[in-house]
Amino acid sequence: MSVLLILILLVLSGLDHGLVSSDSVIAPASLTVDASPGKERKIPDTLFGIFFEEINHAGTGGLWAELVSNRGFEAGRGGESIEPWSVIGDGRNVDVATDRSSPFVRNKVALKMSVLCSGDHGSNNSCPNSGVGIYNPGFWGMNIEDKNRYNVILYMKSSRNLNVTASLTSADGSTVLSSTTITSGGSKVESEWAEFKFTLVSNGTDHNSRFQLTTTDNGIVWFDQISVMPDDTYNGHGFRKDLYSMLADLKPRFIRFPGGCFVEGDWLKNAFRWKETVGPWEERPGHFGDVWNYWTDDGLGYYEFLQLAEDLGAAPVWVINNGISHHDEISPLNLSTYVQDFLDSIEFARGNSSSKWGSVRAAMGHPETFNLEYVAIGNEDCEKEYYQANYVIFYKALKAAYPDIRLVSNCDASSHPIHHKADLYDYHIYTNAKTMFLRANHFDNAPRSGPKGFVSEYAVTEPHKDVGNGTFLAALGEAGFLIGLERNSDLIEMACYAPLFVNTNDRRWSPDAIVYNSWQQYGTPSYWVQHFFIHSSGATYHPVKLESIDSNFIAVASAITWKQSEDGRSFLKIKVANFGDKDLNLDINVVGLSNHGVRSSGSMQTTFKGELTAENSFDDPKKVIPVASRIENAGKKMYIKVSSRSLTSFDLPLIGPSIQI
Ligand code: AHR
């Protein structure tokens, strides 16, 4: 163990919040970056990515732009509940009930609406002028914006010809933003479902709108599979644009999906089943995710995840259920359907379009194969009774059919050897800021001969008073950890924060990286820390030595060189995370850059600093974000102040040929 590390451990051992107090406020420190040829190492192309889990309404009511919640009335799972749909009108005028008359075989529930009032104003039970019907508020209000287009698809049949008005309105229905009237015709009573497709163009903005279907015509009408999609989604692929661009800004090199515990389920019957999430959206049954306790229509299904990865230029990491949930397990003797499902999922992604499952993908609009090279077997299941036996069966089946696919085991090999073959192993860490910062060293002595490390979930989560819904302190702890991962990137191939998304109307887990409601969004400090690492994947790592004679010194540093693809220019990027409460007077020396100089202009310093408990919010989304400024007189030798409790990067443009390896 290095003297520096011992020093750090001694200092941190007596801390309460992980912060050092001291009389003096400035400490001298020196940082040597050794860029000598032969000392460098290539960082894996996949080092930093993202982890998407369907938690906190990350997909449904989040990234997936569908505005209708429970579009097929299936969320009540055959019962009478049609939440969040509500009825417009009272029992004298209208009666609604679910029945099983849907034209879609995998999701038989439809809504039957009996209109008891009449459009005849002379009648003694005439309908209200605005009609009776149903409305859907979406996910805590639909964001409808002026002049934007909303594509509606719905299925309807009726007992007689009925006019139905489809509208986007304010939350109470009093202001109509857009509407159109469609006619359901029914001479062949109860037998003819018809699809209706139309576009509503809004004449106003309301972030808390609803979609409604109303009529003043007496009769019976059935509805099923009702979708309202904004026309303007990323690439027309259904992803909410503002949230997609926050992901793209992280330049993720991989995306792990769709969980997390979501993959396992509390019970196997509620786990994610990929085959039920592909094909036409109308035919997907949806399912209740019983770990995070909400329904998803599965509009964001296996195909859409692969499409998302492709759009982001990120390698998909497909996490599959290997017959294990939180409370029940399939024994290795009964695993064959799970294994076949697994192999079929790979064929769906990689099989040519004449293969059984490749043809389903092609019919969905993607005849080319998806570039699936990573699969994880289960989530946090290593200690479960059948995990290892099941894992081995999956491993053998996969490698026999697809030897190139890299397989991730749930069993952490960083501290103990594991007893089965794997290409990578999962490592999850949720802890306090102090411990996280110190985990910068966790992999220093981990075995190098076995599988590679995949830090597939990390986050500062404790104690609540320090992390709230995402504080600067939490992010600073993570910054130190990530610098440690760069240093250990000969072993660590991938790393991602968890969870990625939260809709503030349904926080199931906190903190998270990206926060939103129907129309607003911001990044927590943990999101902004990840921006310091967007050039690291595939870059060249150079060893550094960071030292101080100060006894309260707690800091880590890293240095990379990377090439900007647009213009081929190379940069040296130095990062310093200072967890201590003293500013550092930092003497920086870059040695070994023999064929390179630092350009006289264009060097930047980016500082991320804030009150320890500061958080961003909808009212103040940029309260704690990195701030960039020019460095005058940048060069191979610099004398620069680094603030206490900060993450700082120095970006120096280099003269001379690229030193990428
Ligand atoms: O990230 C939230 C949850 O934490 C994940 O679902 C699970 O893998 C972990 O326990």
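Our structure is the block above this text.
My aim in this report is to walk through the structure given alongside it, one point at a time.

Scoring rules and cut-offs
- Residues numbered from 1 in each chain as written.
- Predicted model: local features only at pLDDT ≥ 70, side-chain atom pairs only at ≥ 80, totals over all residues.
- Heavy atoms only, no water.
- Helix = DSSP H or I, 4+ residues; strand = E, 2+ residues; numbered from the N terminus.
- Pairing = 2+ DSSP bridges.
- Axes fitted to C-alpha atoms, helices over the stretch in contact; angles between N-to-C directions.
- Contact = heavy atoms within 4.5 Å.
- Phe/Tyr/Trp six-rings, centres within 6.5 Å; stacked < 30°, edge-to-face > 60°.
- Buried < 20%, exposed > 50% of the residue type's maximum accessible area, 1.4 Å probe, protein only.
- Lys NZ or Arg CZ within 6 Å of the ring centre and 35° of its normal.
- Disulfide = S-S within 2.5 Å.

**Some details on unusual backbone geometry**
Alright, step 1. In this model, E83 is joined to P84 through a cis peptide bond whose omega is 0°.
Alright, step 2. Among the secondary structure elements, P84 is positioned in the loop between strand 3 (50-51) and strand 4 (86-88).

**Re the sheet that holds strand 26 (residues 521-523)**
Strand pairing in a sheet is mediated by backbone hydrogen bonds. Such pairs are either parallel or antiparallel.
Alright, step 1. If you trace the 3 strands from one edge of the open sheet to the other, you get 24-25-26, paired in mixed fashion. Every other strand in the sheet has two partners, leaving strand 24 (501-503) and strand 26 as the edge strands with one partner each. Strand-to-strand twist across the sheet, computed as the mean angle between neighbouring axes with direction ignored, equals 20°.
Alright, step 2. Direction of pairing for strand 24 relative to strand 25 (residues 514-516): parallel, over a ladder of 3 bridges. Counterpart to F501 in the pairing with strand 25 is I514.
Alright, step 3. Contacts between helix 2 (residues 241-248) and the sheet are confined to strand 24, strand 25 and strand 26, with strand 26 contributing the most and set at about 15° to the helix.

**As for the packing of aromatic side chains**
Alright, step 1. Taken as a whole and judged by the stated rule, the model has 37 aromatic pairs.
Alright, step 2. Ring centres of F52 and F501 lie 6.1 Å apart, and the angle between their planes is 75°; this geometry places the pair in the edge-to-face category. In this pair, F52 is assigned in the loop between strand 3 and strand 4 and F501 in strand 24, connecting sequence segments 449 residues apart. Comparing F52 with F501, the two get one shared label, buried.
Alright, step 3. Relative to W318, the ring of F257 has its centre 5.7 Å away and its plane inclined at 25°; by these criteria the two rings are stacked. Of the two residues, F257 is situated in strand 15 (residues 254-257) and W318 in strand 18 (residues 315-320); the sequence distance between them amounts to 61 residues.
Alright, step 4. Note on W318: relative accessible area 3%, which makes it buried.
Alright, step 5. Geometry around Y135 places R210 over its ring, the cationic atom sitting 3.8 Å from the centre.

**Quick look at the state of the cysteines**
Linking two cysteines covalently through their sulfur atoms gives a disulfide.
Alright, step 1. Here the structure, examined in full by the defined rule, presents 2 disulfides.
Alright, step 2. What pairs with C117 in a disulfide is C127, and their sulfur atoms sit 2.0 Å apart. Sign of the S-S torsion, about 95° for the bond between C117 and C127, identifies this disulfide as right-handed. Placement of the pair is C117 in the loop between strand 6 (110-115) and strand 7 (132-136) and C127 in the loop between strand 6 and strand 7, with a sequence separation of 10 residues.

What is shown is where atoms sit, not what they do.
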